[in-house]
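Structural characterization, general
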Amino acid sequence: MKQMVLVAALVAVVIVIVFTLHSKQPNPTILIFEDGEADFRSGVDRYTKDNKLKINPVTIRVDQPVSEVEKNLRKYHSCYAIGPRISSEALTLLPYLEKFQIFTIAPLVTSPKVVGKSKYLMSLSPSDELQARDLVERLQKDLRKSTVVICDRNNIAYSESLFQMMVQFSPLSFDCLYIDSVDELVNFDFSKYDSVVLIVDGRVAGLVAQLALRKGFNGIIYGSDYAYTDALITTGSSAVEGMILYGLFDLSQMTKFGFTSLEHAGSYDALMVILTLVSSKIKTTEASNYLQGKTFKGATGTFTVSSDLSVFRTTNFVTVRNAQFIADEVKK
Amino acid sequence: MKLATAVRSLARYGLFLILTLILVFIIGFVLIFQNVHRYYSQTYLKSEKQLLNSTIENALNQKQQANVVVRTLDRNLVDLQTGADLSGVLAYKELPWLMPDFKGLFVSGNSAKFLLQRQDDLLLVEIPQSLFSSFLTSELAYVLLVTNQGEVVLSTQPEMAGMNVKSKSRFAKLNGTFGYLYFENLPIENARAAVFIPIQSYFVVLSPYLIISFAALVGVIIWMIFFSRFQTRLVGATATIVENINKSTMQIEKNREVNYIPVKTNIDDLNELQESIVKLLEIEKASQVEMHAMMNSLQDTVNELEEMQRVLQERNTQIISTLAEAIEIKDTGTFGHSGRVVNLALDLAKELGVSDPADLEAIKFGALLHDVGKIGIPEHILNKPGRLTFEEFEIMKKHPIFGEKIIKNISGWDLVADIVRHHHENIDGSGYPDGLAGDQISVRAQIVSIVDVFTALIEERPYRPPLSVDEALKIIETEMVGVKFHPDLYKAFLNVVKRRLSELKL
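Report on the accompanying structure. None of the values given here were measured: they were computed from a predicted structure. (Residues numbered from 1 in each chain as written. Chains lettered and ligands numbered in written order. Predicted model: local features only at pLDDT ≥ 70, side-chain atom pairs only at ≥ 80, totals over all residues. Heavy atoms only, no water.)

A closer look at the interface of chain B and chain A
Definition in use: Note on contacts: a residue pair is in contact if any heavy atoms of the two residues lie within 4.5 Å. We define buried area as the total accessible area lost by two parts upon association, computed with a 1.4 Å probe and summed across both. A pairing counts as a salt bridge when a side-chain nitrogen of Lys or Arg comes within 4 Å of a carboxyl oxygen of Asp or Glu. Throughout this description, a polar contact denotes any pair of N or O atoms lying within 3.5 Å of each other; where both atoms belong to protein, one of them has to be capable of donating a hydrogen while the other can accept it, and for residues adjacent in sequence the pair is counted only when both atoms sit in side chains. In the scheme used here, Gly and all other residues not listed as nonpolar or charged are polar, with Ala, Val, Leu, Ile, Met, Phe, Trp, Tyr, Cys and Pro taken as nonpolar and Asp, Glu, Lys and Arg as charged.
Listed per partner, the contact involves 30 residues of chain B and 28 residues of chain A. Across the chain B/chain A interface, buried area totals approximately 2,300 Å², and carbon plus sulfur atoms make up 46% of it. Area buried by chain B at its contact with chain A is led by B:Thr82, B:Lys103 and B:Glu159, which between them contribute 25% of it. Counting every contact that joins chain B to chain A gives three salt bridges. Note that A:Glu263 is salt-bridged to B:Lys103, the shortest N-O span being 3.8 Å. Remark: the boundary between chain B and chain A carries 13 residue pairs in polar contact (both at pLDDT 80 or more). For the side of chain B that touches chain A, the class distribution of residues is ten nonpolar, twelve polar and eight charged.

In C-alpha cells:
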C-alpha cells in the first residue's frame, strides 16, 4: 500500500512537471542567416535588450555548401528568420525556405530576382528599381559624364540586376567591372572617370576608394546601399570622405536609435516584425498575407509592407562627412 | 527475528544497493566525462595550435599557402600592394597580434587576421573560415579561435563566428547548443584557443556506460519492486496462516474438533506447509480418537476393579462381622454388642471431627473386633453368670492382648490392632493391659472404649438387667469421667446420644 502511494506520488510529480513544461510558453526560436560578413546578431540582441524579451536565437551560416545549409534548416521547420545579407545568398536559400516553410526577413536584400519571388522572403528595403532610378538621377543631377560601376562578383544576383537597371534608366552608358578582390583593380585607370559607383560590400568599397584616389581619381564616388556599412568608413578612411551613398533607411531615425549600421538597424526592425507575427500567433505560411499593407515604425524609419513583400518607405542619400554618414536629401 | 522485520532489513539492503549503484555511476560518469573532455580538448587544441603555428611560420618564411592571404604592410599599416591605408581597420599593441574583427578584409566571409613582424615590415596573415573548417574537421567538438575579450574570430562551426563567448572555461549554451567551453592560451597576443564540446558528444562516448548503468539501475529497481511485492504477499500470507494456525490451536486447547482450512496463497512453499499442517492435524485427530477409546477402555477396567474391590470389601466386612458374631456366639451374653458399638463409635468419631478415612476405617473395624481376643478366653469364664474371681479376671484382662495378636496378622491393620489392645485403658492409667494414661491412649481407642462401656451398660447381662440410657450415662458421668474417660470425650459422646435419642423420638 505504502509502495503504491509512493508510485502514485511519483507519477503525479512527473505529470505536474510535464504539464508545467508543456504549458510554459517556450522562447521563440529565431534563425539568423549569417555569412561571416553580416552582423545581424547585434541588432537582434539590441532589440531583445531594449524590450526585455527572451528569444532563442540560432545562427545558421549560409556561406556553406548547400547540403550543409539544408541539413541545418531541416531542424527548424516553420520558424521565423532574419537574413541573409545579400541577394545571392537569398537566391540560393529560397528553395529551402519554401521547402521548410521558413519565413525570413532579409533587411537589405533588394534584388528583384529574389524579392517578390516567394511568400517566405521579405525585405525591409524598397525595390532595386527605385534605387537604380535614384542613383541614375543623382548622377545626372551631379552632371557626371563618365562613370564606372564596380560590381561584386560574390553578390552577382544583386549587383548585376542593379547595374542593368541603372543602364536601363540612364541615357548615358556606364563602364562596368566585376571583381572578387580589390587587387584586381591595382592596374585599373580610375583617372579617366569623373564618377565611380561602388556596388560592393562596404569594406571592399573602402579599399577601392583608397586605391582610386591613389590612382589619380578626383571625381565623386557613389555607393549603393550595399556599400553603406560601418566598415566603409573604417577601411576607406579619408578616401571615402564626401562619398555619396544610397540610404535604404531613414538615417535620422537610425541615429535616434543609435545605429550607424544598416545591418544592425535592419535586423532590429526585422525582429520587431517577426515578434509581432509570433505574438499574433501567425504561422509562417500565413505571414505574407498578414503583413501586406501593414505599417511599422522602427529603427529604420516608418515602412509599409507591399504586396511583393518589399516595403514602401522614405529613402535618402547620405554623404560621408568627418567619418560619419550625414543625410543628404530626402526623397519619397 | 520476525519475518516482516527480516524482510524490511532486506529491503533496506536493496535501497542501499541502489544508492551504491547511483554513487558508483556518478563517480564513473565523472571520471569518464573528465577523460572524454581531456581527450577532445587536447586533441583538437593541439591541431589548432599546429595550424596556427605552421601558417605563421610559412608566412614568415614566405612560403605560399593555399587560401591563406598574406599582405605586406609598412609600419603605418599601409598595404604595399594597393597602397590602401588599413590603419582604420587594423591596430595592435604587441606582435604577433590577433585582430578582433572577424569579417574578412581581403577574403570574403569571415577570417582571422594576424599581424606579424618580419624585418622592417608587418605581415597581415588572413586565414579564411573555409581553411579553418577544412583543416580542423571536428565531428564531436567545435574548435574556436577567440580574442582575449572572448570574441569568436574563427570556428569550425561557422555560426559561432562573431559571437562573444567570454573567456572563461565553463558550461555554456552557444547558438542553441549546450556544452562545455574550454580555453587555452596561445603564443599569439590577444588570441586564445578554445574548444566547445557539445553535451551530445559526451553522451555519444558515454552512451554504452550510460546504457549499462541505466540497465543495471532499472534491473535493481525492478528487482526491488518485485521483491517488495513478494514481501507484501509473503508477509500477508504468513500472517494469515499464523492466525489460522493460532485459531486451530485454541480449538485444540478447548478440546474442540479442528478442521484446518488451508489459505490459498501464491507461494507454493506456504501451501505445502499448510498441507503438512492439515496432515499433522488429521494424524493428531486419529490419535485423539484412539486415545479416547483407550481411555474409555481404561475407565471400564477401573470401574470393574472398583466394583470388584467394593465386593471384596463387603465380603471382608461380612467375614469380619461373621468373626465378631462368632465371638459373640461364644460370649453368649454379648450377642449383637459389636455391631451396636460400630455405629455409635463412628458417630462419636464424626462428632469429634475425625475425618481421616484410615482413622474411620480403623474405628469401624476396631469397634467390630474390639473383643476378638475373647476367642482365647475359656467359655466358662466368658459365660460365668456370677462375678469373676481375681484369677478369672486376670485371664479375662488378657483378651485385648489376644485380640491384638490376632489382628496384627492382618497387614495394614495396625490402627485396628491399637484399638483392640487399648480399648480397656483408662486416662488415669488404671486400665489394662498396658496401664496407659492421658494422651498415651489414642482417640480411636478412647472412642471405642466409651461406646463399648455405654453399650455394655444398656445391654442385658446374665448377671443384671439392662440399664436405661440415662442410668448408663449417669454411671459413666459419675464414676468414669476423669477416671476412665476424658471429660471432653464424654461431652461429645453425650451430644451423640442426645442426637440419637431425638432422632428416635421423631
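Points about the packing of aromatic side chains
As a reminder, the rule being used: Only Phe, Tyr and Trp rings are paired, with Trp represented by its six-membered ring, and only when their centres lie within 6.5 Å; those with planes under 30 degrees apart are stacked, over 60 edge-to-face, the remainder tilted. For every residue, the accessible area (1.4 Å probe, protein chains only) is compared with the maximum for its type, and the residue is labelled buried under 20%, exposed over 50%, or partly exposed between those bounds. A helix here means a DSSP run of H or I that spans at least four residues, while a strand means a run of E at least two residues long, and both kinds are numbered starting from the N terminus. Two conditions define a charge located above a ring, namely a distance within 6 Å from the ring centre to NZ of Lys or CZ of Arg, and an angle within 35 degrees of the ring normal.
Throughout the structure, instances matching the rule amount to 25 aromatic pairs over all chains. Between A:Phe188 and A:Phe190, the ring centres sit 4.9 Å apart and the planes meet at 80°, which makes this aromatic pair edge-to-face. Relative accessible area serves as the criterion here: at 16%, A:Phe188 is assigned to the buried category. Plain terms: the ring middles of A:Tyr228 and A:Phe325 are 4.4 Å apart, the flat faces sit at 55° to each other, and that makes the pair tilted. A residue pair is termed long-range when its members are at least 10 positions apart, and A:Tyr228 in the loop between strand 9 (220–223) and helix 8 (230–236) and A:Phe325 in strand 15 (residues 324–331) qualify at 97 residues. Comparing A:Tyr228 with A:Phe325 shows no difference in burial state: the two are buried. Within the aromatic cluster, the residues linked to one another by ring pairs are B:Phe25, B:Phe29, B:Phe33, B:Phe171, B:Phe178, B:Tyr180, B:Tyr202, B:Phe203 and B:Tyr209. Here the guanidinium or amino end of A:Arg46 rests over the ring plane of A:Phe259, the centre of that ring lying 4.7 Å away. The cationic tip of A:Arg138 hangs over the ring face of A:Phe317; the distance from NZ or CZ to the ring centre is 5.4 Å.

Some thoughts on the pattern of salt bridges
This model, assessed by the stated rule, comprises 32 salt bridges over all chains. Here A:Arg74 and A:Glu70 are joined by a salt bridge, their closest N and O atoms 3.3 Å apart. On the criterion of helical spacing, the pair formed by A:Arg74 and A:Glu70 is a turn pair, its members being four residues apart in helix 3 (residues 66–74). Here A:Glu70 falls in the buried class, since its relative accessible area comes to 15%. Ionic pairing is found between B:Arg500 and B:Asp347, a salt bridge with its closest N-O pair at 2.8 Å. Taken together, the positions of B:Arg500 in helix 13 (residues 487–505) and B:Asp347 in helix 5 (residues 337–351) put the pair 153 residues apart, joining distant regions of the chain. By relative accessible area, B:Asp347 is classed as partly exposed at 21%. When salt bridges that share partners are traced, they join A:Asp35, A:Glu37, A:Arg85 and A:Asp201 into one network.

A few points about helix 10 (residues 414–422) of chain B
Those residues of helix 10 of chain B that sit buried are B:Val416, B:Ala417, B:Ile419, B:Val420, B:Arg421 and B:His422. Looking at the buried residues of helix 10 of chain B, the elements they touch are helix 6 (357–369), helix 9 (399–408) and helix 11 (443–458) of chain B.

Description of the packing of helix 6 of chain B against helix 11 of chain B
Residue and element names in this part refer to chain B. Under the convention used in this document: Only C-alpha atoms enter the line fits that serve as axes; for helices the fit covers just the stretch in contact. Angles between N-to-C directions range over 0 to 180 degrees. Left-handed describes a crossing whose near helix is turned anticlockwise from the far helix through less than a right angle; right-handed describes the clockwise counterpart.
Interaxial distance between helix 6 and helix 11 falls to 10 Å at its minimum, and their mutual angle equals 35°. In the crossing of helix 6 with helix 11, the sense of the turn from one axis to the other is right-handed. Residues Asp359, Ala362, Ile363, Gly366 and Ala367 of helix 6 pack against Arg444, Ile447 and Val448 of helix 11. Of the residues in the contact of helix 6 with helix 11, the class split is five nonpolar, one polar and two charged.

Everything listed is a geometric property; what it means functionally is a separate question.
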